[in-house]
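Reading the structure
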Number of protein chains: 2
Amino acid sequence: MTEQNSPRPSRRERPAKPALTRDGIIGTAVALMRAEGLQRVTMRRLAQELDTGPASLYVYVRNTAELHAAVLDDLLGAVDLTPVGASGDWRDRLVRVLTSYTNVLFEHPGLARSALVARPSGERYLDLLDALLALLGEGGVPGERAAWAVDLLLQFATSTAAEHAAGEKDPADAEGEWAALAAALRGASGERHPHVAALGTELLSGPGEARLDWGFQVLINGVLHTPRPGTPDTP
Amino acid sequence: MTEQNSPRPSRRERPAKPALTRDGIIGTAVALMRAEGLQRVTMRRLAQELDTGPASLYVYVRNTAELHAAVLDDLLGAVDLTPVGASGDWRDRLVRVLTSYTNVLFEHPGLARSALVARPSGERYLDLLDALLALLGEGGVPGERAAWAVDLLLQFATSTAAEHAAGEKDPADAEGEWAALAAALRGASGERHPHVAALGTELLSGPGEARLDWGFQVLINGVLHTPRPGTPDTP
DNA sequence: ACCTGAACACCGTTCAAGT
DNA sequence: ACCTGAACACCGTTCAAGT
């Protein structure tokens, strides 16, 4: 995989045609994404960038989903895992790692979307899994419960980031949609939807950051209080 | 919106060209999805079904995302909300509603995917929101906390369904990807990834149903134990 | 083995022109 | 106002043929 920010294609100076290898392809894909956004990282556009036809890429990459998964794994190198070895409350450190992961995905919500479907399984992803398991272990969460908990935590973080994929291309769409939901909630009839009407705008309240953090706290507290089925309920 | 299973386009017998109205379009889209899957519900294919050109649809539907959102709201009519008024433990009834919602989405994971990005705001969605708020209220969850909790619960259910979108077209892709993750976990080095290596296959264990149910329990327990920031911590 | 030109079978969306 | 033919600007993927 490409190292973060080291697009050195060879020791010669900028050849017109970068080497056609899996790593070269993925490195170019990452650069293309940073330059033009994920929506431009298509087989055709990428092939054009590499001065070849799209068919050539299929020698190294099974399909577009796999390409995006590889790009994501590369991006995961930017997640800050230093809180694992730091001192302080394990919960705080766990939330810090998860927040870093979410922030990385926030930069490319489309990638979060695809991560939900094509789970990554690269080296950086394993690094992240191991970090989360280490912190849950520190917190005394039994191993078999932690195994399920990491999934839950990452799914929440990933889907939160994916939700922002709407405004990626056209921010107006996202705003219009938010306005539609707000209008629907405000216009809720007290008869058919009494609870929605009673809460009203409360349902949309609060900055995203606070909701994300609250979500992490809910999950951690929940994991601490919920044994896995068929398992002794030692915390 | 279309009533479930009543594609009566007019009182005449099956005209070749159904009326071109928003409801007619969405009804046809739902039928097309049931017949050929969401991936065929495109503006072009839908226009063809309606014996017209794609441009005509843009009079009634802003874009593809809005079309899919409308289809989803129609589908939401199949969610079983009867547990709200039933007797028994509120937690069980809450989980039953959420499970029904998840099962509806499981039938069309692609729709779950799009729901994550383009949040629905139709009548059936409000019905669902109101049902969940009613049950949380019964459980004594304070209103402003319940307002955030429904989001969390629906996000978890929706993203769980969305994860299955991989195998929708080509099940081989989904299997290959699962195998890749399994291989990566099994091959985890005890040095770089000790916790992953120690848990090994445990990370993938258990039937999806059990994990879904455990997830709901974690969220409910977590919500019960986690006050919203800046709020008195009365349960 | 690796690479590719060309083709197949599609997309979403816009716009000028019609009724 | 509503509707549409035609066009613009793209897609993913495969395959037969070349090197």
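I will try to describe carefully the structure that is included in this document. (Residues numbered from 1 in each chain as written. Chains lettered and ligands numbered in written order. Predicted model: local features only at pLDDT ≥ 70, side-chain atom pairs only at ≥ 80, totals over all residues. Heavy atoms only, no water.)

Focus: the interface of chain B and chain A
Heads up, the condition is: The contact criterion used throughout is that any non-hydrogen atoms of two residues lie within 4.5 Å. Using a 1.4 Å probe, buried area is obtained as the accessible area two parts lose upon being combined, added over both of them. Just to be clear on terms, a salt bridge is a Lys or Arg side-chain nitrogen sitting within 4 Å of an Asp or Glu carboxyl oxygen. Polar contacts here mean pairs of N or O atoms no more than 3.5 Å apart (in protein, one a potential hydrogen donor and the other a potential acceptor; neighbouring residues in sequence count only if both atoms are side-chain atoms). Working definition: helices are DSSP H or I runs of at least four residues, strands are E runs of at least two. Numbering for both runs from the N terminus. Classification used: nonpolar for Ala, Val, Leu, Ile, Met, Phe, Trp, Tyr, Cys and Pro, charged for Asp, Glu, Lys and Arg, polar for all others including Gly.
In this assembly, 65 residues from chain B lie in contact with 65 residues from chain A. Across the chain B/chain A interface, buried area totals approximately 5,800 Å², and carbon plus sulfur atoms make up 63% of it. Sorting the residues of chain B by area buried against chain A places Val-117, Trp-148 and Trp-214 of chain B first, and these three jointly supply 14% of that buried surface. Connecting chain B to chain A are 10 salt bridges. For Asp-151 of chain B, the salt bridge is made with Arg-211 of chain A, and the minimal N-O distance between the two is 3.5 Å. The tally of links from chain B across to chain A stands at 29 residue pairs in polar contact (both at pLDDT 80 or more). Elements with a contribution of two residues or more to the side of chain B that touches chain A: α6 (109–117), α7 (123–138), α8 (143–162), α9 (171–186), α10 (194–199) and α11 (208–225) of chain B. Looking at the side of chain B that touches chain A, the element that brings in the most residues is α8 of chain B, giving 14 residues. A class-by-class count of the residues in the side of chain B that touches chain A yields 33 nonpolar, 17 polar and 15 charged.

A word on the pattern of salt bridges
Close approach of charged atoms lets side chains of opposite charge pair. This is how it is decided: For each residue, the accessible area found with a 1.4 Å probe, counting protein chains only, is set against the maximum for its type, and the residue is called buried under 20%, exposed over 50%, and partly exposed in between.
A full pass over the atoms with the stated rule returns 24 salt bridges over all chains. The shortest N-O distance in the salt bridge between Arg-192 of chain B and Glu-123 of chain A comes to 3.4 Å. Taken together, the residues Arg-192 of chain B in the loop between α9 and α10 and Glu-123 of chain A in helix α7 (residues 123–138) connect one chain to another. The class of Glu-123 of chain A is partly exposed, set by a relative accessible area of 39%. Here Glu-66 of chain B ties to Arg-22 of chain B by a salt bridge, and the two come within 2.4 Å at their closest N and O atoms. Note that Glu-66 of chain B is positioned in helix α4 (residues 64–75) and Arg-22 of chain B in helix α1 (residues 22–36), a separation of 44 residues in sequence. Looking at Glu-66 of chain B, the relative accessible area reads 23%, which means it is partly exposed. Judged by relative accessible area, which is 27%, Arg-22 of chain B ranks as partly exposed.

Quick word on the nonpolar core
Grouped burial of nonpolar side chains is what soluble globular proteins tend to show. Definition in use: By nonpolar core we mean a set of buried residues, namely Ala, Val, Leu, Ile, Met, Phe, Trp, Tyr and Cys, connected to one another through side-chain atoms within 4.5 Å.
Counting residues in each nonpolar core, the largest one holds 139 residues, and the members touching the most others are Leu-94 and Leu-136 of chain A together with Leu-94 and Leu-136 of chain B. Aside from chain neighbours lying at most four places away, what touches Leu-94 of chain B is Leu-132, Leu-135, Leu-136, Leu-153 and Ile-220 of chain B.

Concerning the protein's contact with DNA strand C
Stated precisely, the cut-off is as follows: Residue proximity to a molecule or strand is established when one non-hydrogen atom of the residue lies within 4 Å of it.
The full set close to DNA strand C counts 16 residues, and Thr-52, Ala-55, Ser-56 and Tyr-60 of chain A together with Arg-44 of chain B are the nearest of them. Among atoms of DNA strand C positioned within 4 Å of the protein, sugar and phosphate together represent 52%. Between DNA strand C and Thr-42 of chain B there is a distance of 3.3 Å, counted from a phosphate oxygen to a side-chain nitrogen or oxygen. Met-43 of chain B has a polar backbone atom sitting 3.2 Å from a phosphate oxygen of DNA strand C. Residue assignment for the surface near DNA strand C shows that the elements contributing at least two residues are α3 (54–57) of chain A together with α2 (43–49) and α3 (54–57) of chain B. Element by element, the count of residues in the surface near DNA strand C is highest for α2 of chain B, at three residues. Split by residue class, the surface near DNA strand C holds seven nonpolar, five polar and four charged.

Take it as geometry only, folks, not as evidence of what the structure does.
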